[in-house]
There are 2 protein chains.
Amino acid sequence: MPQGLHASAVPGRDVLLSFAGELADIAAPVATRWFRHPLDIDLKSDKSPVTVADRAVEQAVREAIAARFPAHGILGEEQGRERLDAEVVWVVDPIDGTRSFITGYPLWGTLIAAAVEGVPEVGVIAMHALNERWVGAKGEETRLNGAVCRTRACRDLASARLFTTSPYYFKPDERDAFERLLPLVHTTRFNGDCYNYGLLASGHIDLVVECRLEPFDYCSLVPVVEGAGGVITDWAGQPLGFESDGRVVAAATPELHAAAMRAMGL
Amino acid sequence: MPQGLHASAVPGRDVLLSFAGELADIAAPVATRWFRHPLDIDLKSDKSPVTVADRAVEQAVREAIAARFPAHGILGEEQGRERLDAEVVWVVDPIDGTRSFITGYPLWGTLIAAAVEGVPEVGVIAMHALNERWVGAKGEETRLNGAVCRTRACRDLASARLFTTSPYYFKPDERDAFERLLPLVHTTRFNGDCYNYGLLASGHIDLVVECRLEPFDYCSLVPVVEGAGGVITDWAGQPLGFESDGRVVAAATPELHAAAMRAMGL
């Protein structure tokens, strides 16, 4: 396809960013309505929980995308993939942190990313219950609730604050790698899902190490973390894309990222 | 001591409850002022972190207690014990969840208990950053922000939502016991500190298993959990008091508590 035609089909980054915010706005009341109310919990094939709230949020977001950008692709957690060969693909996790959602924890959010030619260019982490929303776009400064945020200038493991959602999500060799980090860092804590990457972008924590993430879990995180000065890659140090294996290392600085990779033996 | 004289020295439960709330009100602005602002972190002899915020909150609370009830005892996390032989002892954790506090997580709170003759009779879990406050008193219904709350009628492990702050806080034999529970419950999550017990009292989670807690960590939890219909004991099934060994099992129902104890081999 000629470059001119190609480029003209892709909305500008400001349009994508603005629409990602609209999608988060659409998600907010749908999700919040079910939070801390009794709801049935189904288990998916991977034993992860899903509820009517996840499904209702994704449905509302998909309808809004189809209405505005019918030619764009969609990759959603609950209702699958459409047109992944489109130049723009919206990547949606209606409720990231469903386990927080069903346990009354406010640490869950809606994740929206726009990937252009497979590269996440725009990302939103919308923590509805906490009224905190991180917005990132390639080449722009990440913002939390409108204010520019930056990662902390943490370059050494000894002062790093490390998070992962659960040590039980690792396979044995992954857990060994994670546990090589543990004695070297300042503080280790758990839980958080997407929230951890927002707090990293805001300079409160410095390192997140996870496995078994899916594109809808990590695509939105890339512009948020990178636009705040951080580094986020897979465990081989490669950029995250649709085909990544779901192992993620995010760090406040390139130096800390390298130190964490070395300590984990990667 | 004659019963009449004895009783006259102890303020009524409503007075203790009201004053516990006042202490939480005093703590709120002092703690919140430091949250998500740069602050020095010292490590105590047990390697747990402490900050100027912990010290400033405890100081403000101790001064208020000394002004109002100079004859009462105080057991605080940072500044030690005074008059533990007094009939009423105030038990204070200025910031429970200091690791959350220093990592920008809103899951930290001030814990205030009034123990009468060594028994926790009044307890407050004040989550300042989340504007959620649980208040419990012996023989009364627990309230979250003024509204009565109850544990969930969860009686079997298969539907239970289990929390502990970190699996790395356990000694090996304790961790073995905890990991016997893991495959039997519906959902396991981490982090939370005192917040877990509030969410248990409100029926969002069902089981909390921890070790290495101190009286200032657990005294306030007892009236909150019990007043919501839950059960909270040490790992021998005994009531929690100043001399407990710091191992805690809290459950939504007596049946679930018994099932958890059995599963852990206790």
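This one's a predicted model, so the numbers in the text were calculated from it and none came from an experiment. (Residues numbered from 1 in each chain as written. Chains lettered and ligands numbered in written order. Predicted model: local features only at pLDDT ≥ 70, side-chain atom pairs only at ≥ 80, totals over all residues. Heavy atoms only, no water.)

**Student:** How should the packing of aromatic side chains be read in this particular structure?
**Tutor:** How two aromatic rings sit relative to each other is given by the distance of their centres and the angle of their planes. Counted by the stated rule, this structure contains 25 aromatic pairs over all chains. Ring geometry for Phe101 of chain A against Trp108 of chain A: centres 4.7 Å apart, planes inclined by 80°, an arrangement best described as edge-to-face. On the accessibility criterion, Phe101 of chain A (2% relative accessible area) is buried. Centroid distance Phe190 of chain A to Tyr168 of chain B: 5.7 Å. Interplanar angle 20°. Geometry classified as stacked. (Phe/Tyr/Trp six-rings, centres within 6.5 Å; stacked < 30°, edge-to-face > 60°. Buried < 20%, exposed > 50% of the residue type's maximum accessible area, 1.4 Å probe, protein only.)

**Student:** Honestly, the relation of the copies chain B and chain A in this entry has me stumped. Any pointers?
**Tutor:** Mapping one chain copy onto the other needs a rotation about an axis and a shift along that axis. The two copies are related by a screw operation: chain B maps onto chain A through 180° of rotation and 0.0 Å of translation along the axis, at an RMSD of 0.0 Å. Here the transformation between the copies is reduced to the relation of a two-fold axis. Here 100% of the interface residues in chain B have copies in chain A that are interface residues too; the copies meet face to matching face. (Least-squares fit on C-alpha atoms with pLDDT ≥ 70 in both. Contact = heavy atoms within 4.5 Å.)

**Student:** Even after reading the chapter, I still don't get the state of the cysteines, so can you show me in this structure?
**Tutor:** Each disulfide consists of a covalent bond between the sulfur atoms of two cysteine residues. In total, this model carries 0 disulfides over all chains according to the counting rule given. Cysteine Cys149 of chain A remains unbridged, with the sulfur of Cys194 of chain A as its closest cysteine sulfur at 14 Å. (Disulfide = S-S within 2.5 Å.)

**Student:** What is the right way to read the packing of helix H2 (residues 13-34) of chain A against helix H3 (residues 52-68) of chain A from this model?
**Tutor:** A pair of packed helices can be characterised by two numbers: the angle between their axes and the separation between those axes. Residues and elements named next belong to chain A. Across the interface, H2 lies against H3 with an axial gap of 9 Å and an inter-helix angle of 150°. Relative to H3, the element H2 lies roughly antiparallel. When the axes of H2 and H3 are compared, the crossing they make is right-handed. Of H3, the residues touching H2 (which contributes Val15, Phe19, Glu22, Leu23, Ile26, Ala27, Val30, Ala31 and Trp34) are Val52, Ala53, Ala56, Val57, Ala60, Val61, Ala64, Ile65 and Arg68. (Axes fitted to C-alpha atoms, helices over the stretch in contact; angles between N-to-C directions. Helix = DSSP H or I, 4+ residues; strand = E, 2+ residues; numbered from the N terminus. Parallel < 35°, antiparallel > 145°, perpendicular 65-115°, else oblique. Left-handed = near helix turned anticlockwise from the far one by under 90°.)

**Student:** Just checking my understanding: could you explain the confidence of the model for chain A for this structure?
**Tutor:** A low pLDDT score tells you not to read the predicted coordinates there in detail. All names here are of chain A. When pLDDT is averaged across chain A, the result is 94; 97% of the residues are at 70 or more. Here residues 1-8 scores under 50 on pLDDT; set against residues more than four positions off or in separate chains, the count is 4 contacts. Across the interfaces of the predicted complex, the ipTM metric reaches 0.93, alongside a pTM of 0.95. (pLDDT = per-residue confidence, 0-100.)

**Student:** Honestly, the side chain of Thr188 of chain A in this entry has me stumped. Any pointers?
**Tutor:** Relative to the elements of secondary structure, Thr188 of chain A occurs in strand S12 (residues 187-190). By relative accessible area, which is 17% here, Thr188 of chain A ends up buried.

**Student:** In this structure, what is going on with the interface of chain B and chain A? I would like to understand it.
**Tutor:** Accessible area lost when the parts come together is the quantity often used to give the size of an interface. Between chain B and chain A, the residue contacts involve 35 residues of the former and 36 residues of the latter. When chain B packs against chain A, close to 2,900 Å² is buried across both sides, 57% of that on carbon and sulfur atoms. The interface formed by chain B and chain A includes 4 salt bridges. Remark: the boundary between chain B and chain A carries 20 residue pairs in polar contact (both at pLDDT 80 or more). For the side of chain B that touches chain A, the class distribution of residues is 16 nonpolar, 11 polar and 8 charged. (Buried area = accessible area lost by both parts, 1.4 Å probe. Salt bridge = Lys/Arg side-chain N within 4 Å of Asp/Glu carboxyl O. Polar contact = N/O pair within 3.5 Å; in protein donor to acceptor, adjacent residues only side chain to side chain. Nonpolar A, V, L, I, M, F, W, Y, C, P; charged D, E, K, R; others polar.)

**Student:** What's the story with the side chain of Asp96 of chain A in this structure? I'm lost.
**Tutor:** Along the polypeptide, Asp96 of chain A turns up in strand S5 (residues 88-96). One buried charged residue, Asp96 of chain A, forms no salt bridge at all, with the nearest opposite charge on Arg189 of chain B at 7.7 Å. For Asp96 of chain A, the side chain forms a polar contact with the main-chain nitrogen of Cys194 of chain A, separated by 2.9 Å. Filtering out sequence-adjacent residues up to four positions away, Asp96 of chain A remains in contact with Leu107, Trp108, Gly109, Leu111, Asp193, Cys194 and Asp217 of chain A. (Lys, Arg positive; Asp, Glu negative; His and termini not counted.)

**Student:** Please clarify how the nonpolar core should be interpreted in this entry.
**Tutor:** In summary, soluble globular proteins display a tendency toward joint burial of nonpolar side chains. Trp134 and Tyr197 of chain A together with Trp134 and Tyr197 of chain B are the most contacted members of the largest nonpolar core, which totals 74 residues. Core analysis: the next-biggest nonpolar cluster, separate from the first, contains 48 residues, Ala177 and Cys211 of chain A together with Val185 and Val209 of chain B among them. (Core = buried A, V, L, I, M, F, W, Y, C linked by side-chain atoms within 4.5 Å.)

**Student:** Hey, could you run me through the pattern of salt bridges in this one?
**Tutor:** Close approach of charged atoms allows side chains of opposite charge to pair. Under the counting rule described, the total for this entry stands at 32 salt bridges over all chains. For Glu132 of chain A, the salt bridge is made with Arg36 of chain B, and the minimal N-O distance between the two is 2.6 Å. With Glu132 of chain A in strand S8 (residues 132-137) and Arg36 of chain B in the loop between helix H2 (13-34) and strand S1 (41-43), this pair bridges two chains. Assessed through its relative accessible area of 27%, Arg36 of chain B is described here as partly exposed. The residue Arg152 of chain B makes a salt bridge to Asp206 of chain B at a minimum N-O spacing of 2.9 Å. Placement of Arg152 of chain B in the loop between strand S10 (147-148) and strand S11 (161-164) and of Asp206 of chain B in the loop between helix H6 (195-201) and strand S13 (207-210) is noted, with a sequence separation of 54 residues between them. Classification of Arg152 of chain B as partly exposed rests on a relative accessible area of 26%. Salt bridges here are not isolated pairs; linked through shared partners, they connect Glu58, Arg62, Glu82 and Arg83 of chain A.

**Student:** It is not clear to me how the sheet that holds strand S15 (residues 248-251) of chain B should be interpreted in this structure. Could you clarify?
**Tutor:** As a general point, the strands of a sheet are linked pairwise by backbone hydrogen bonds and lie either parallel or antiparallel. Residue and element names in this part refer to chain B. Overall, mixed pairing links the 5 strands, which are arranged S12-S11-S13-S15-S14 in an open sheet. Edge strands, defined here as strands with exactly one partner in the open sheet, are strand S12 (187-190) and strand S14 (231-234). Direction aside, neighbouring strands of the sheet carry axes that sit 15° apart on average. (Pairing = 2+ DSSP bridges.)

**Student:** Would you explain unusual backbone geometry in this entry?
**Tutor:** Excluding glycine, residues mostly carry a negative phi; peptide bonds, for their part, are mostly trans. All names here are of chain B. With phi around 50°, Arg83 is a residue other than glycine that occupies positive phi space. Residue position: Arg83 is located in the loop between strand S4 (80-82) and strand S5 (88-96). The class for Arg83 is partly exposed, based on a relative accessible area of 36%. Of note, Asn131 is a non-glycine position whose phi angle comes to about 55°, a positive value. Positionally, Asn131 belongs in the loop between strand S7 (119-127) and strand S8 (132-137).

**Student:** Help me understand the pairing of S7 of chain B in this model?
**Tutor:** Every regular strand shows the same layout, with side chains that alternate between the two sheet faces. Residue and element names in this part refer to chain B. With 8 of its 9 residues buried, S7 lies for the most part within the structure. For strand S6 (residues 109-116) and S7, the ladder comprises 7 bridges, and the chain directions are antiparallel. From the neighbouring strand, Leu111 faces S7, where its bridge partner is Ile125. Taking the residues between adjacent antiparallel strands as the criterion, S6 and S7 are bridged by 2 residues, where Glu117 takes a positive phi near 55°. In this structure, S7 lies alongside S8, joined through 6 bridges in antiparallel fashion. The residue of S8 that forms the bridge with Met127 is Glu132. Where S7 hands over to S8, the hairpin turn is made up of 4 residues, of which Asn131 adopts a positive phi near 55°.

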